[in-house]
Amino acid sequence: DGGITQSPKYLFRKEGQNVTLSCEQNLNHDAMYWYRQDPGQGLRLIYYSQIVNDFQKGDIAEGYSVSREKKESFPLTVTSAQKNPTAFYLCASSGPKDRVGVFGQPQHFGDGTRLSIL
Amino acid sequence: GNSVTQMEGPVTLSEEAFLTINCTYTATGYPSLFWYVQYPGEGLQLLLKATKADDKGSNKGFEATYRKETTSFHLEKGSVQVSDSAVYFCALIQTGANNLFFGTGTRLTVIP
């Protein structure tokens, strides 16, 4: 079945360490997204990519980096510059415009990666 | 700018009770509106959507009507079940845009 796979499900980071979260989709979607979810808050957009080799900053990109070398993959690196990385990270993807011409929806989500600081 | 305001939770209901989760939005133009559901330990799943005024989205017994005059998209279900316990997110996207704007989520707990 088609879907989005995030790995690992749980991840621990030491101070000063970079970590990379994996996101793979086999939906043949052009656009992919990374969100951060904190307790009691909605999702906030970190980065998104509309096409291979292109990506844009979202609302909270500082301390994060991404790459989009392949259509099916959009890894997120949480760098040591991100001072408060503990959160639940969600990856999403979306296909082309639907029949009413709205790009980028609906978004399909992975099951998330929970990142904690040791 | 764009924003979504959801009724604060948590909401606790008995099985078979009627559910309403309020959602209002601020946006320019004519956004599309969504409800997503997040079950414990999982990602978000699209529950329903509406792309223009007066559209009604429905799925799994849930309904929401796009009300442009009141800028609202309230989620309703006539008879909730224990399996409906989850966090519900209202969201919008502007036509032609890429970003979903989410509300803060409303946690629903249904007790037997």
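Residues numbered from 1 in each chain as written. Chains lettered and ligands numbered in written order. Predicted model: local features only at pLDDT ≥ 70, side-chain atom pairs only at ≥ 80, totals over all residues. Heavy atoms only, no water.

### Overview of the overall build of chain A
When its secondary structure is counted, chain A shows 0 helices and 11 strands. The order of α-helices and β-strands along chain A, N terminus first, is β-β-β-β-β-β-β-β-β-β-β. Out of the 118 residues in chain A, the part that is buried amounts to 48%. (Helix = DSSP H or I, 4+ residues; strand = E, 2+ residues; numbered from the N terminus. Buried < 20%, exposed > 50% of the residue type's maximum accessible area, 1.4 Å probe, protein only.)

### Describing the packing of aromatic side chains
Residues and elements named next belong to chain A. Taken as a whole and judged by the stated rule, the model has 13 aromatic pairs over all chains. Centre to centre, the rings of Tyr35 and Phe109 are 5.7 Å apart; their planes meet at 35 degrees, and the pair counts as tilted. One end of the pair, Tyr35, is in strand β4 (residues 31-37); the other, Phe109, is in strand β10 (residues 108-109), and 74 residues separate them in sequence. With respect to burial, Tyr35 and Phe109 carry one shared label: buried. (Phe/Tyr/Trp six-rings, centres within 6.5 Å; stacked < 30°, edge-to-face > 60°.)

### A few points about the sheet that holds strand β3 (residues 19-21) of chain B
All names here are of chain B. As summarised here, the arrangement of the 4 strands in space is β3-β9-β8-β7, forming an open sheet in which the pairing is antiparallel. Looking at strand neighbours, the two that pair on one side only are β3 and β7 (56-59), the edges of this open sheet. In this sheet, adjacent strand axes meet at a mean angle of 15 degrees when their direction is disregarded. (Pairing = 2+ DSSP bridges. Axes fitted to C-alpha atoms, helices over the stretch in contact; angles between N-to-C directions.)

### Overview of the pattern of salt bridges
Scanning all chains against the criterion turns up 6 salt bridges over all chains. Between Asp38 of chain A and Arg36 of chain A there is a salt bridge, and its shortest N-O distance comes to 2.9 Å. Judged by its relative accessible area of 10%, Asp38 of chain A falls in the buried class. Ionic pairing is found between Glu63 of chain B and Lys56 of chain B, a salt bridge with its closest N-O pair at 3.6 Å. When its relative accessible area of 34% is taken as the criterion, Glu63 of chain B is described as partly exposed. For Lys56 of chain B, a relative accessible area of 52% puts it in the exposed group. A network of salt bridges, in which partner residues are shared, links Arg36, Asp38 and Arg44 of chain A. (Salt bridge = Lys/Arg side-chain N within 4 Å of Asp/Glu carboxyl O.)

### Considerations on the sheet that holds strand β8 (residues 76-78) of chain A
Residue and element names in this part refer to chain A. With respect to topology, 4 strands assemble into an open sheet ordered β1-β3-β8-β7, the strand pairing being antiparallel. Where the open sheet ends on each side, the last strands, each with one partner, are β1 (4-7) and β7 (64-66). With strand direction ignored, the average angle separating the axes of adjacent strands in the sheet is 20 degrees. Strand direction decides the pairing type here: β1 and strand β3 (residues 19-25), joined by 4 bridges, are antiparallel. Among the inter-strand pairings, Ser7 is bridged to a residue of β3, identified as Ser22.

### With respect to the environment of Asp55 of chain B
Residue and element names in this part refer to chain B. Positionally, Asp55 belongs in the loop between β6 (44-50) and β7. Sequence separation between Asp55 and Leu33 is 22 residues; the distance between their C-alpha atoms is 9.9 Å. The residues contacting Asp55, other than those within four sequence positions of it, are Ala50, Ala64, Thr65 and Tyr66. (Contact = heavy atoms within 4.5 Å.)

Just geometry here; none of it tells us what the structure is for.
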